[in-house]
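Notes for the structure review
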Amino acid sequence: MNMKKRLLMTLTLAFVMFAVMFAQTNETVLEEGGSGPYKAVMYEVEGFKEHTVFAPKDLSVFSAKKALPVLVWGNGGCANSPRGHEKFLNDIASYGYLVLATGIMPKADAPRGFGGMGGGNQSRSEQQVESMDWAFAQNADKNSPFYQKIDTKNICISGMSCGGLQALFNCFDPRVTSIMICNSGLFDQIEDGGGAPAPGGAAPRPGGGRPRMGGMPSVAKSKLKEIHCPIIYILGGETDIAYNNGMDDFKRIDHVPAIACNLPVGHGGTYNQPNGGEFAIVARAWLDWQLKGNQEASKMFVGDKPAILQRKDWTLEKNGKVK
């Protein structure tokens with residue numbers, strides 16, 4: 001066998017192995033790939049069960065020097081699919097982010113709304129940890145299209161409603177560098193000292209409490225003192241059922257930078273609006289600031305005239321750690 005044929009067979013075998021190890025399925029383009037410069041796609045990956053990936057379609061422009069920060073997302077209603085959030089998440093991905101959402105990829109005929117999104121079983125808090133594990137593994141895997149293209153030093157954990165509670169449950173993971181809580185906040189809880197059972201039957205977490213609603217992860221209000229990175233609450237104003245919980249959280253956090261911003265749209269946010277609406281714009285500014293170090297993006301929240309207050313109906317509060 002001559003050298004050219006041997007090389008061709010080697011390359012063919014490598015391609016087949018790559019296809020088996022990283023097989024995308026059901027690739028879907030939403031809203032022409034989003035409003036950002038890196039047109040995004042939504043898809044599932046074999047072997048990464050019950051997770052949906054949103055990422056720029058063309059990964060060739062990314063590298064170790066220009067890597068994708070990570071947004072880990074949990075869904076409203078503890079749904080096991082990001083149905084109802086996909087426009088919001090897709091648009092964020094189109095600005096150069098790897099978005100890893102809990103749950104199976106939304107199906108076209110599944111009902112919209114943050115509750116009952118056609119995802120089958122209720123989601124688990126551990127799925128967000130699985131997302132971080134997967135990002136680290138892909139970044140280190142020479143056979144992955146994401147090899148050395150993921151910024152594992154910049155990870156935001158986030159979610160809406162129940163997904164926000166899941167994010168707060170997982171935010172103590174040392175890999176998390178930013179937190180974004182949407183239409184959510186911890187419930188008032190009775191400290192029981194021994195910790196509440198973790199979702200999925202895991203061992204109790206120290207200092208847990210008893211949540212007022214069953215089926216949601218439990219984190220005691222006192223645990224807010226252990227948050228180790230900047231946090232933002234994006235809420236839907238006083239008609240948002242999570243408003244009081246979220247604002248109470250915010251007021252308790254005085255040791256790390258914390259921001260609370262409100263748009264009076266209620267609990268449903270603007271996720272289903274074109275490109276995720278106003279929530280996507282504000283969320284992206286936070287991510288650009290916190291995960292990419294973009295000082296221009298910080299002007300959405302800081303300075304004499306924060307840009308968010310120039311946008312219709314938004315309000316802003318921040319603690320003394322925000323600079």
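Look above for the structure.
Below, the structure is looked at part by part. (Residues numbered from 1 in each chain as written. Predicted model: local features only at pLDDT ≥ 70, side-chain atom pairs only at ≥ 80, totals over all residues. Heavy atoms only, no water.)

1. Thoughts on the overall build of the protein chain
Counting its secondary structure elements, the protein chain contains seven helices and ten strands. With 323 residues in all, the protein chain has 54% of them scored as buried. A separation of at least 24 residues holds for 67% of the contacts in the protein chain among residues at least 6 apart in sequence. Accessible surface, the protein chain as shown: approximately 14300 Å² in total, 56% of it carbon and sulfur. (Helix = DSSP H or I, 4+ residues; strand = E, 2+ residues; numbered from the N terminus. Buried < 20%, exposed > 50% of the residue type's maximum accessible area, 1.4 Å probe, protein only. Contact = heavy atoms within 4.5 Å. Areas by Shrake-Rupley, 256 points an atom, 1.4 Å probe, with all protein chains shown as cover.)

2. Points about the state of the cysteines
According to the stated counting rule, one finds one disulfide in the structure shown. Across the disulfide, C78 is cross-linked to C162 (sulfur-sulfur distance 1.9 Å). On the sign convention where negative is left-handed, the bridge of C78 and C162, at about 90° about the S-S bond, is right-handed. Taken as a pair, C78 in the loop between strand 4 (68-74) and helix 2 (86-93) and C162 in helix 4 (residues 162-170) lie far apart in primary sequence, 84 residues in all. For the pair formed by C78 and C162, the shared burial category is buried. (Disulfide = S-S within 2.5 Å.)

3. Some remarks on the nonpolar core
In this structure, V53, L98, F146, I179, I231 and Y233 are the most contacted members of the largest nonpolar core, which totals 47 residues. Ranked by residues supplied to this core, first place goes to helix 4 with five residues. With near-sequence residues (within four places) excluded, Y233 lies in contact with L168, I181, S184, G185, L224, G246, D249, F250, I253, I259, A260 and C261. Counting residues in each nonpolar core, the second largest holds 41 residues, with I92, A93, M160 and M300 among its members. (Core = buried A, V, L, I, M, F, W, Y, C linked by side-chain atoms within 4.5 Å.)

4. A short note on the packing of helix 2 against helix 6 (residues 277-292)
Interaxial distance between helix 2 and helix 6 falls to 10 Å at its minimum, and their mutual angle equals 40°. As far as their axial angle goes, helix 6 and helix 2 are oblique. The two elements helix 2 and helix 6 cross, and the hand of that crossing is right-handed. Of the residues in helix 6, those touching helix 2 at F88, D91 and I92 are F279, A280, A283, R284 and L287. (Axes fitted to C-alpha atoms, helices over the stretch in contact; angles between N-to-C directions. Parallel < 35°, antiparallel > 145°, perpendicular 65-115°, else oblique. Left-handed = near helix turned anticlockwise from the far one by under 90°.)

5. Focus on helix 5 (residues 243-252)
Along helix 5, the residues that are buried comprise Y243, N245, G246, M247, D249 and F250. Looking at the buried residues of helix 5, the elements they touch are helix 4, strand 8 (231-235), strand 9 (258-262) and strand 10 (315-318).

6. Considering the environment of P82
Mapped onto the elements of the fold, P82 is located in the loop between strand 4 and helix 2. Looking at P82, the relative accessible area reads 0%, which means it is buried. Spatially, the C-alpha atom of P82 lies 6.4 Å from that of A101, the residues being 19 residues apart in sequence.

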